[in-house]
Amino acid sequence: MESEAFEARVADIKGRAHGRWSELLPMLGVDKKILNKRNQPCPLCAGRDRFQYTDKFGEGNYHCRGCGPGGGLKLLQGALGWDFGTVLTKLEEHVGRGAPVSHHSHPRTVEPSADWMKKLAKRIWGEAQPIAQGDEVDRYLRNRGITLSAYPKVLRYHPALGFYEKDASGKSCQVAEYPAMLACIQGADGHAVTLHRTYLTDGRKALQHEAKKVLSAGFGGSAIRLYAADEELAIAEGIETALAVHLSTGKPVWATINAGNMEKLWLPESVRRIRIYADNDGDAQFEGQACAFSLARRLTRDVNRTDSRQVEVFVPRHAGTDWADVWCSRIGHVEQMA
Ligand SMILES: [Zn+2]
């Protein structure tokens, strides 16, 4: 039993670290020179000019002509002299642990390949257009009290986006078409990872549930970079909340999509002052607050940091509200929030 739990723990860590090794390894203290993808002496077997870090499969992959291939877990042991247990503990401090990464509790179905999803995202993004005054997205955001004369380029308006549901056999079927707000989710390197969709109808979210969907899983640590970060950056969960924070503070802001992903958020080194605008989930197990403080904790205790970061967390006073609600009430917007 114990070994089974241990294996599950290792698999969980691997899943969380996937695609993030090039950022995690230096954070944990691996010399960046080792990761420069050039041939060099091996940090594991010390052979000369036979080691190369490739991250070929997003597993922190390397190859050594002396001691063979491996991944991030092995590299951490070899390069830092840590035992396996230490490696796992240190990684968990950065990537989290325990609760599942995504909602995969439904019966397993065959997931489309990453490549196919990328093509689909590209096609959908291409069909969409910049948000313009008076279109469905503009109307929706105005109804939420968010009035912008120019919209961030990472947001787009799609006039008629297919809405899919899985049938009994687990196959995706289009059940409707709605106008939608698309948001580009960017990974650590700034490239598009996937899309976030908010289905709309008549200036509101289209459905009670599932109006918001991320196109594909595996976007851990990514964000919707609404406004480019400088030394300062504000962080919020939802797009609407993030825009409200931008309107009220004038600061650059990123949206993390959900609380779980906020906890995993990747931030550039150059950001020194971080303001986290948490949702008040005082009516729902305090998840918003917990993840915001978890991010704050990680940002303030990152290893190998000479000058520290200034991190603040703001939580709206009332349970069940976010900063978009606060913004709405502040500007005297009387629209009842759905
Ligand atoms: Zn070697």
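Each chain carries its own residue numbering, running from 1 in the written order of its sequence. It should be noted that, the model being predicted, local features are given only for residues of pLDDT at least 70 and side-chain atom pairs only at 80 or more, the latter also being counted only at that level, while totals for whole chains, interfaces and linings use all residues.

1. Remarks on the overall build of the chain
Reasoning step 1: In terms of helices and strands, the chain carries 10 helices and 14 strands.
Reasoning step 2: Every one of the 338 residues in the chain was classed for burial, and the buried ones make up 34%. Working definition: helices are DSSP H or I runs of at least four residues, strands are E runs of at least two. Numbering for both runs from the N terminus. Counting other C-beta atoms within 10 Å of each residue's C-beta, where C-beta atoms are placed from the backbone, gives the exposure class: buried for 20 or more, exposed for 12 or fewer, partly exposed between.

2. Notes on the sheet that holds strand β14 (residues 310-314)
Reasoning step 1: Judged by pairing direction, the sheet is mixed, and its 5 strands sit side by side in the order β10-β12-β11-β13-β14 without closing on themselves. The open sheet has two edge strands, β10 (224-225) and β14, and neither has a second partner.
Reasoning step 2: Placing a C-beta atom from the backbone of each residue, one calls two residues in contact when those atoms lie within 7 Å. Interaxial angles span 0 to 180 degrees and are taken between N-to-C directions of axes, which are lines fitted to C-alpha atoms, for helices over the stretch in contact. Sheet contacts for helix α9 (residues 287-301): β13 (273-277) and β14; angle to β14, the most-contacted strand, approximately 175 degrees. Only strands that DSSP links by at least two bridges are regarded as paired with each other.

3. Some thoughts on the pairing of β13
Reasoning step 1: Sheet topology places strand β11 (residues 232-236) next to β13; 5 bridges connect them, and they run parallel. Its bridge partner lying in β13, A236 is registered against Y277.
Reasoning step 2: In this sheet, β14 lies alongside β13 in parallel orientation, the contact comprising 5 bridges. Bridge pairing links I276 to V313 in β14.

4. A look at the nonpolar core
Reasoning step 1: Think of a nonpolar core as buried Ala, Val, Leu, Ile, Met, Phe, Trp, Tyr and Cys residues chained together by C-beta atoms that fall within 7 Å. Counting residues in each nonpolar core, the largest one holds 57 residues, and the members touching the most others are A183, I224 and I235.
Reasoning step 2: Taken domain by domain, this core gets at least three of its residues from each of domain 2 (108-217) and domain 3 (220-338).
Reasoning step 3: Counting residues in hydrophobic clusters, the runner-up holds 19 residues, among them I13, A17, A79 and L91. Marked domain ranges trace back to an automatic or database domain assignment.

5. Focus: the environment of D202
Reasoning step 1: In this fold, D202 is placed in the loop between β7 (192-201) and β8 (204-205).
Reasoning step 2: Along the sequence, D202 and R139 sit 63 residues apart, while their C-alpha atoms lie 8.2 Å from each other.

6. Some thoughts on unusual backbone geometry
Reasoning step 1: Positive phi, normally seen in glycine, also occurs at I257, with a value near 80 degrees.
Reasoning step 2: Despite not being glycine, F286 has its phi angle at roughly 60 degrees, a positive value.
Reasoning step 3: Relative to the assigned elements, F286 resides in the loop between β13 and α9.
Reasoning step 4: The exposure class assigned to F286 is partly exposed, which follows from the 18 C-beta atoms found within 10 Å.

7. Re helix α10 (residues 323-330)
Reasoning step 1: A large share of α10 lies buried, amounting to 6 of its 8 residues.
Reasoning step 2: Of the positions making up α10, those classed as buried are W323, A324, D325, V326, W327 and C328.
Reasoning step 3: Where α10 is buried, its residues touch β11, α7 (239-249) and β13.

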